[in-house]
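Per-entry structural report
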Amino acid sequence: MKRLIFLIFCGIYSFSFAQVPPKPYGPVPSARQLEWHKVEMYGLIHFTPTTFENKEWGYGDADPKIFNPAQFDAEQIVKAAKAGGLRGIVLVAKHHDGFALWPTKTTEYNITKSPFRDGKGDMVKEFADAARNNGLKFGVYCSPWDRNSPHYGTPKYLEIYREQLRELYTNYGELFMSWHDGANGGDGYYGGAREKRSIDNTVYYDWDSTWSITRELQPMANIFSDIGWDVRWVGNEKGIAGETHWATFTPKPAEGASAAVPGQANYPESPVGHRDGEFWMPAECDVPLRKGWFYHPGEKAKSVDELFSLFVQSVGRGAALDLGLAPDTRGLLDDGDVEVLRAFGQKIEETFKVNLLRAANLRASNVRGYNSIYGTKNLIDGREETYWATDDDFPTPYLTMTFSRPVTFDIFQIKENIKFGQRIEEFTLEAEENGEWREIHKGTSVGARRIVKFDSPVTATRLRLKITKCPAAIVISEMGLYKEWQAQ
Ligand code: FUL
Ligand code: CA
């Protein structure tokens, strides 16, 4: 009897032990950041009187009457974004020129003073509605620098700015992002003063308190700034994250600067981040679809192949792609922009439609607790929540993929389950050739998504993934092999 009880006890013990999921490693994403990661690609819309002046930075003195987009159609813009595979829209509700696209009570310099909808328009609302009607998330960018406000540089302006955020946070539903740039201070109109105003950005905006308003009124809004907070700037406007990209990051001040505040970040470290970073603060790679953030006649959209390459170098490195969209003076996206977005969206859709790895037999050198709930079948079930994990003392396993007939691919994809943190530090992919393993790729960080794009197609019947450096048990959600799709 004693022996039986002992055996039952052992059985229960080993069963429950084998069920224990891995412990998270390092900083992990918050619920709001997990939602942001799912978006992957979104658009950043710049459209103010500056568009009508054909400038990139409005001085703050443009007559509101020039803002007259007679054919404005938020649906046309949002639908084009959606066709491009973008899952969210961030609207520049106020740029450096200070013109508010919503009927704000905080400044006279706003959309009600323009001919748009006979002074009764609210463009923030039109974009928010169009985004939601089409299943896209919505966010706002309200520039802290305001070249129109006579109060810019005084404590009163900070009150005005915070009130603008409150209006944007309360009247337009749930926001997925609150976007803040680091450009602040310089010359401007400032209510007619036409002078240069500089502020001390280590104290002026008092971001800790300002962002506590964001947290209170929009708890799911990811705060973006150049030093991070929820999401960090990647440090360039090319749309490219580091080949190695750690979602973990410790904001540091620029060389010679006294504090890590927006406008004074250590940008050279932003593309890669910090392996031992204190916070989960993945990078956003922002880049305009055309040359400028605002529409300028004569400029044109990037090609589908350029966009696809940026996608691989941003989303494919575990970061996000924020693509600038610039409506023209009609208030519409140019036909060429619409077409390129459609073709880009189609390319992504078609490329990732069929996971060729599904045809393979997968064998791992270790599965956590010999338990099939952590088995390799989870790698190809198309579900992010299921994963292949190893035992804690087995962080460098390998996985053999065997096909019954040769497979040809030029994209290898791997995704960690980031709820458990970012774990993998090095991996290699090998293909079997005449009975010998040949290394075809050596990689580093994985994170939310790692896309490896080969210059030319690889054909193989057996492949082997080796995790060569990882500080804890691996937790891989999905893996895949694909063939880049080309329009005929
Ligand atoms: C920058 C701004 O200065 C640019 O005009 C643009 O809005 C870009 C997205 O952010 O900080
Ligand atoms: Ca899975």
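Scroll up to find the structure.
Residues numbered from 1 in each chain as written. Chains lettered and ligands numbered in written order. Predicted model: local features only at pLDDT ≥ 70, side-chain atom pairs only at ≥ 80, totals over all residues. Heavy atoms only, no water.

What about the overall build of the protein?
Along the backbone of the protein there are nine helices and 19 strands. Here the C-alpha radius of gyration of the protein, 25 Å, is about what a compact globule of 488 residues would show, namely 23 Å. Per-residue burial over the protein gives 57% buried out of 488 residues. A separation of at least 24 residues holds for 77% of the contacts in the protein among residues at least 6 apart in sequence. Accessible surface for the protein amounts to roughly 20,500 Å². Of this, 53% is attributable to carbon and sulfur atoms. Of note, the protein has its 58 positive side-chain charges centred 5 Å away from the centre of its 65 negative side-chain charges. (Helix = DSSP H or I, 4+ residues; strand = E, 2+ residues; numbered from the N terminus. Rg over C-alpha atoms; globule rule 2.2 N^0.38 Å. Buried < 20%, exposed > 50% of the residue type's maximum accessible area, 1.4 Å probe, protein only. Contact = heavy atoms within 4.5 Å. Areas by Shrake-Rupley, 256 points an atom, 1.4 Å probe, with all protein chains shown as cover. Lys, Arg positive; Asp, Glu negative; His and termini not counted. Charge placed at Lys NZ, Arg CZ, Asp CG, Glu CD.)

Examining the site of ligand 1
Taken together, Leu-44, His-46, Trp-57, His-95, His-96, Tyr-141, Trp-179, Asp-181, Ala-183, Glu-237 and Trp-293 make up the full set of residues adjacent to ligand 1. A distance of 2.6 Å separates an oxygen atom of ligand 1 from a polar atom in the side chain of His-46. Between ligand 1 and Asp-181 there is a distance of 3.2 Å, counted from an oxygen atom to a side-chain nitrogen or oxygen. When ligand 1 sits alone it has 300 Å² of accessible area, and the protein chains cover 90% of it. More than half of the atoms of ligand 1 fall within 2 Å of the grid points belonging to the second largest pocket. (Near = heavy atom within 4 Å. Polar contact = N/O pair within 3.5 Å; in protein donor to acceptor, adjacent residues only side chain to side chain. 1 Å grid on protein atoms, 1.4 Å probe; cavity = no way out; pocket = protein on both sides within 12 Å on 5 of 7 lines; lining within 4 Å. Sits in = over half its atoms within 2 Å of the grid points.)

Regarding the layout of surface pockets
Approximately 910 Å³ is the volume found for the largest pocket. Around the largest pocket sit 35 residues that line it, and Glu-40, Arg-87, Glu-384, Lys-415 and Arg-449 are the ones nearest its centre. The set of elements that each furnish at least two residues to the lining of the largest pocket consists of α2 (31-39), α4 (74-83), α9 (335-351), β15 (398-416) and β19 (475-482). Per element, the largest residue contribution to the lining of the largest pocket is five residues, and it comes from β19. Looking at the lining of the largest pocket, its residues break down into eleven nonpolar, nine polar and 15 charged. Counted as a void, the second largest pocket has a volume near 310 Å³. (Points joined across faces, edges and corners; volume = space filled by probe spheres on them. Nonpolar A, V, L, I, M, F, W, Y, C, P; charged D, E, K, R; others polar.)

A look at helix α5 (residues 123-133)
Those residues of α5 that sit buried are Met-123, Val-124, Phe-127, Ala-128, Ala-130 and Ala-131. One face of α5 carries all of its buried residues, which in axial projection span an arc of 165°. Packed against the buried residues of α5 are β1 (41-45), α4, β2 (88-94), β3 (137-142) and α6 (155-171). Regarding α5, its N-cap is Asp-122, as a side-chain oxygen of that residue lies 3.2 Å from the backbone nitrogen of Val-124 further along. Where α5 terminates, the next one or two residues include Gly-135, which has phi positive at roughly 75°. (Arc of directions from axis to C-beta.)

Digging into the sheet that holds β2
Judged by pairing direction, the barrel is parallel, and its eight strands sit side by side in the order β1-β2-β3-β4-β7-β8-β11-β12 before closing back on the first. Strand-to-strand, the axes of this sheet are offset by a mean angle of 25°, without reference to chain direction. Direction of pairing for β2 relative to β3: parallel, over a ladder of six bridges. Bridge pairing in β3 places Val-90 opposite Gly-139. Of the strands in this sheet, β2, β3 and β4 (177-179) touch α6, which is tilted by about 170° from β3. (Pairing = 2+ DSSP bridges. Axes fitted to C-alpha atoms, helices over the stretch in contact; angles between N-to-C directions.)

Things to note about helix α7 (residues 207-217)
Looking only at α7, the buried set comprises Trp-207, Thr-210, Trp-211, Ile-213 and Thr-214. Along the axis of α7, the buried positions cluster into a sector of 135°, meaning they face one direction only. In α7, the exposed positions angled more than 90 degrees off the buried face are occupied by Asp-208 and Glu-216. Buried positions along α7 lie against α6, β4 and β7 (222-225).

Here's the deal with empty space enclosed by the protein
The gaps left among the atoms become clear once a water-sized probe is rolled over them. Taken as a whole, this structure holds one cavity of 30 Å³ or more when the rule is applied. If you add up the space inside the largest cavity, you get close to 50 Å³. Along its surface, the largest cavity is lined by Trp-36, His-37, Glu-40, Val-315, Gly-318, Ala-319, Ala-320, Ala-448 and Arg-449.

Examining unusual backbone geometry
Of note, the phi angle at Asp-118 is positive, near 50°, even though the residue is not glycine. The topology assignment puts Asp-118 in the loop between β2 and α5. Non-glycine residue Arg-194 carries a positive phi angle of around 40°. When you line up the elements, Arg-194 lands in the loop between β5 (186-188) and β6 (195-197).

So, the packing of α4 against α5
Geometrically, a packed helix pair is captured by the angle between its two axes and the distance between the axes. Put simply, α4 and α5 touch, their axes get as near as 9 Å, and they point 45° apart. In terms of their interaxial angle, α4 and α5 are classed as oblique. Seen along the crossing, α4 lies across α5 with a hand that is right-handed. The segment α4 lies against α5, with Ala-74, Glu-75, Ile-77 and Val-78 engaging Glu-126, Phe-127, Ala-130, Ala-131 and Asn-133. Of the residues contributing to the contact of α4 with α5, the split by class is six nonpolar, one polar and two charged. (Parallel < 35°, antiparallel > 145°, perpendicular 65-115°, else oblique. Left-handed = near helix turned anticlockwise from the far one by under 90°.)

What to know about the packing of aromatic side chains
Applying the stated criterion across every chain, the model contains 31 aromatic pairs. Between Phe-47 and Phe-72, the aromatic rings sit 6.2 Å apart at their centres with planes inclined by 10°, giving stacked as the arrangement. Taken as a pair, Phe-47 in the loop between β1 and α3 (49-53) and Phe-72 in the loop between α3 and α4 lie far apart in primary sequence, 25 residues in all. Per residue, the accessibility class of Phe-47 equals that of Phe-72, and both read buried. Residues Phe-311 and Phe-344 carry aromatic rings whose centres are separated by 6.4 Å and whose planes lie at 75° to one another, so their mutual orientation is edge-to-face. Within this pair, whereas Phe-311 is found in helix α8 (residues 304-314), its partner Phe-344 is found in helix α9, the two being separated by 33 residues in sequence. Assigned by exposure class, Phe-311 and Phe-344 land together as buried. The rings of Tyr-152, Tyr-157, Tyr-161, Tyr-190, Tyr-204, Tyr-205, Trp-207, Trp-211 and Trp-229 are connected pair by pair, giving a single aromatic cluster. The lysine or arginine in question, Arg-449, covers the ring of Phe-352, its NZ or CZ lying 4.9 Å from the ring centre. Lying over the aromatic face of Tyr-398, Arg-464 brings its terminal NZ or CZ to 5.3 Å of the ring centre. (Phe/Tyr/Trp six-rings, centres within 6.5 Å; stacked < 30°, edge-to-face > 60°. Lys NZ or Arg CZ within 6 Å of the ring centre and 35° of its normal.)

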